[in-house]
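Reading the structure
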There are 2 protein chains.
Amino acid sequence: MSLWFTEKQTDSFGITAKIKQTLHTEQTDFQKLDMYETEEWGNMLVLDDMVMTTKKDEFVYHEMVAHVPLHTHPSPKKILVVGGGDGGVIREVLKHPSVEKAVLVEIDGKVIEYSKKYLPEIAGKLEDPRVEVKVDDGFMHIAQSENEYDVIMVDSTEPVGPAVNLFSKGFYAGISKALKADGIFVAQTDNPWFKADLIHQVYHDVKEIFPITRLYTANIPTYPSGLWTFTMGSKIHDPLKVKEERFQEMETKYYTKELHHAAFALPKFVKDLTE
Amino acid sequence: MSLWFTEKQTDSFGITAKIKQTLHTEQTDFQKLDMYETEEWGNMLVLDDMVMTTKKDEFVYHEMVAHVPLHTHPSPKKILVVGGGDGGVIREVLKHPSVEKAVLVEIDGKVIEYSKKYLPEIAGKLEDPRVEVKVDDGFMHIAQSENEYDVIMVDSTEPVGPAVNLFSKGFYAGISKALKADGIFVAQTDNPWFKADLIHQVYHDVKEIFPITRLYTANIPTYPSGLWTFTMGSKIHDPLKVKEERFQEMETKYYTKELHHAAFALPKFVKDLTE
C-alpha cells in the first residue's frame, strides 16, 4: 500500500507527495496540524491541509523572509516574527550579528511543540538566549507595541483561519506604529498565479502606509505555483539601495547578494499587480 | 465523477490537475501524446505523461527561451528551433523584427498537428511566411548544418525517449558548427531540485565548447519544482552585457529587460552546480 498526501492548491490543481508515515495529526485550538514523513521532502508540516514547510526546501522561504529586510536595515537589533512557530525565520535572523533580541509571537503553541520534535534542524534555534517565544495573538501583540522593533516579519499561514486578521490594513497600520522610525516590515503574500487579487490588494494597502513598498519573489517548490511573493514596507531604507559593504558573509543555500537585487525584478504579469 | 491527470515528477512527488475532457490520446511513432482540457490551465499538451505546455502558463517558457538569446545577439536573422512543435517559441521569435527566417525541426509531426488543432494561440504563427517547418530529426539536421544560424534554440522534452541525443556533448559540438561565428545556443535544461546532476553535466559539457556559458531560470508552475533552467552557450556575445538600447519594445507577459539580467542571478544551490 502506498499513501499520498495531496494538497489542493486550487479547486482544480494540486501537488501530491508520497508519505512514509504520519508522525502526528491533531486538531489544535486553531487549526488542523499534520506532520508527515515524506519520501521526497523529508518531514513536512501541514496546517489546515496546506504545506507550511519541509525539511528539503524550507531554506528558501526562511532565508528570503529574513535576509532581504535584515540586509536592507543598516543595523537591525530588535526583531519581531509574527507566526513562524516552526522557528525557521528565527534561525536565519540569528545569523545577523547585530541582532540582540528576536521575539517570536506564535498563536498556536502546538506548531512550536511539534516543530521542535520533528523538525529540529528548523526549530532548534528557538532555544537561543537572544530569542523570546510568546504563545500569543500576533495581532494583539502588534496593537500593544509602539516604536519598539527595527524589523517585523509576518510569517503567517494563508489569509484563512487564524491568520485572516494579518492581511488587513489595520494590521499594517499597527505594524507601522510598532516599528521604530526607520523600521522595515515584510510579509509573505502568496503566489501570483492563483492569488493575484490578494497580492494587488496587500501591495496597495501597504503602500498607503509605508513610503517605500516593494514586492519580491522566490521559488518554493512545495508552495502553490512554485513562485512565492513577499511584500516589504519600509519607512526609510530602500532594499534596492543597499550598500555593497552591508552584505555579510553568511552561510545560505538560496540567498546571495546578487539574488537580493534580482528578486525584485518581477515577471511582467506580477509587476502589473503593483500598478 | 471527476477525472484528474497526475504527473509523477519524481517517484514520490507530482502535480495533479482536474480534467474537463480528454481531447486526444495517441501513441505516435515517437511518444505517447495526450491533449487534455483542464480546469486550471486550459488545454494542456502532455508527452509521455509529462506536461509540455498549457494555455495558461505557456508564455513563461516560450518568452524565456526566445527573448534572452535574441536580445543578446545584436542582429539575429536566421533562427533554428529544434523540437518545439507546439510553435510557442517560434511565435516569440517572430516578434523580433531582425528575424528573416525561422526554421522549426520537430521530429514528431503529430505534436505540430494537435497543437495547431487544440492550442491555436500557441501554434498559430507556424503558418507565418518567415517560418519553415521540417518534420525531421533535429540531431541529424544539426549534423548537416554548418555556419548557418545566428541562434539555435533546443526546445526538447526531457532526456528520455526521442530527446536523449539532444543532451550529449556531440550534439553541442554540432550546434557550435551549425552556428555562425558569433552564434548563440540555448537549451531547456530541467530543474535543479530533482535534476541537479543533469544541469551540472550539461553546463560543463557546454562550457567545454562555448567561450561564454551561462545558466538562467524562470518560474513555470506546471513544470517540476516550478523552477526551470536554461543553459546558454555563446561564441562572442554575453547576455549580461546587452546594451540598454538593444532591448526592443514588445508585448510580453513574463520577460522584461530587468528580468533579462535578473534571471541569471542564481539561487546559491543552483549557482553551485555551475562550479
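Residues numbered from 1 in each chain as written. Chains lettered and ligands numbered in written order. Predicted model: local features only at pLDDT ≥ 70, side-chain atom pairs only at ≥ 80, totals over all residues. Heavy atoms only, no water.

Focus: unusual backbone geometry
Residues and elements named next belong to chain B. If you check the backbone angles, Asp49 has positive phi at about 65 degrees while not being a glycine. Secondary-structure assignment places Asp49 in the loop between strand E4 (42-47) and strand E5 (50-54). Residue Asp49 is classed as partly exposed on the basis of its relative accessible area of 37%. Of note in the backbone geometry, Ser225 takes a positive phi value of approximately 75 degrees without being a glycine. Relative to the helices and strands, Ser225 is located in the loop between strand E11 (212-219) and strand E12 (227-234). The exposure class of Ser225 is buried, given its relative accessible area of 4%. (Helix = DSSP H or I, 4+ residues; strand = E, 2+ residues; numbered from the N terminus. Buried < 20%, exposed > 50% of the residue type's maximum accessible area, 1.4 Å probe, protein only.)

Re the relation of the copies chain B and chain A
Applying a rotation about an axis and a shift along it to one chain copy brings it onto the other copy. With an RMSD of 0.0 Å, the fit of chain B onto chain A corresponds to turning through 180 degrees and sliding 0.0 Å along the axis. Both chain copies can therefore be described as sitting about a two-fold axis. When the interface residues of chain B are mapped onto chain A, 100% of them again lie at the interface, so the same face is used by both copies. (Least-squares fit on C-alpha atoms with pLDDT ≥ 70 in both. Contact = heavy atoms within 4.5 Å.)

Some details on the UniProt feature "active site" (unreviewed entry) in chain A
All names here are of chain A. In the numbering adopted here, UniProt assigns the feature "active site" (unreviewed entry) to Asp155. Structurally, the position occupied by Asp155 is in strand E9 (residues 149-155). Apart from residues no more than four positions distant in its own chain, Asp155 is found in contact with Tyr61, Val81, Val82, Gly83, Gly84 and Val89. (UniProt positions renumbered as here; feature names shortened; annotations may be inferred.)

So, the environment of Thr189 of chain B
All names here are of chain B. By the secondary structure assignment, Thr189 is in the loop between strand E10 (179-188) and helix H7 (196-209). Distance in space between the C-alpha atoms of Thr189 and Phe247 is 25 Å, their sequence separation being 58 residues. Sequence-distant contacts of Thr189, defined by excluding residues within four places in its chain, comprise Leu198, Ile199, Val202, Leu215, Trp228, Thr229, Phe230 and Thr231. Among the polar contacts listed, one links the side chain of Thr189 to the side chain of Thr229, at a separation of 2.8 Å. (Polar contact = N/O pair within 3.5 Å; in protein donor to acceptor, adjacent residues only side chain to side chain.)

Details of the sheet that holds E9 of chain A
Residue and element names in this part refer to chain A. Strands sit in the order E8-E7-E6-E9-E10-E12-E11 across an open sheet of seven strands; the sheet is mixed. Two strands lie at the open edges of the sheet, namely strand E8 (131-135) and strand E11 (212-219), each paired on one side alone. Each strand axis lies, on average, 15 degrees off the axis of its neighbour in the sheet, ignoring direction. When E9 meets strand E10 (residues 179-188), the two strands line up parallel, connected through five bridges. Following the sheet pairing, Met153 is matched in E10 by Val186. (Pairing = 2+ DSSP bridges. Axes fitted to C-alpha atoms, helices over the stretch in contact; angles between N-to-C directions.)

Focus: the side chain of Asp128 of chain A
In this structure, Asp128 of chain A sits in the loop between helix H4 (120-123) and E8. Here Arg130 of chain A takes part through its backbone nitrogen, which lies 2.8 Å from a polar atom of the side chain of Asp128 of chain A.

Let's talk about the packing of aromatic side chains
Using the criterion set out here, one finds 36 aromatic pairs over all chains in the structure. For the ring pair Trp193 of chain B and Phe269 of chain B, a centre distance of 4.7 Å and an interplane angle of 55 degrees mean the geometry is tilted. With Trp193 of chain B in the loop between E10 and H7 and Phe269 of chain B in helix H9 (residues 268-271), this residue pair connects regions lying 76 residues apart in the sequence. The pair Trp193 of chain B / Phe269 of chain B is uniform in exposure class, with both members buried. Ring pairs connect the aromatic residues Phe13, Trp193, Phe194 and Phe269 of chain A together with Trp41 and Phe59 of chain B, which therefore count as one cluster. The cationic tip of Lys56 of chain A hangs over the ring face of Trp41 of chain A; the distance from NZ or CZ to the ring centre is 5.3 Å. (Phe/Tyr/Trp six-rings, centres within 6.5 Å; stacked < 30°, edge-to-face > 60°. Lys NZ or Arg CZ within 6 Å of the ring centre and 35° of its normal.)

Some words on the sheet that holds strand E7 (residues 101-106) of chain B
Residue and element names in this part refer to chain B. Taken in spatial order, the seven strands of this open sheet run E8-E7-E6-E9-E10-E12-E11, and their pairing is mixed. Two strands bound the open sheet, and with one partner strand each, they are strand E8 (131-135) and E11. Ignoring which end each strand starts from, the neighbouring axes of this sheet average 15 degrees apart. Across five bridges, the pairing between strand E6 (residues 78-83) and strand E9 (residues 149-155) is parallel. Considered in E9, the bridge of Val81 is made with Met153. Across the sheet, helix H6 (residues 169-178) lies against E6, E9 and E10, angled at about 140 degrees from E10, the strand it touches most.

Concerning the side chain of Ser145 of chain B
All names here are of chain B. Tracing the chain through its elements places Ser145 in the loop between helix H5 (138-143) and E9. In terms of polar contacts, Ser145 uses its side chain to reach the backbone carbonyl oxygen of His141, at 2.7 Å. Those residues in contact with Ser145 that lie beyond four places of it in its chain are Lys177 and Ala178.

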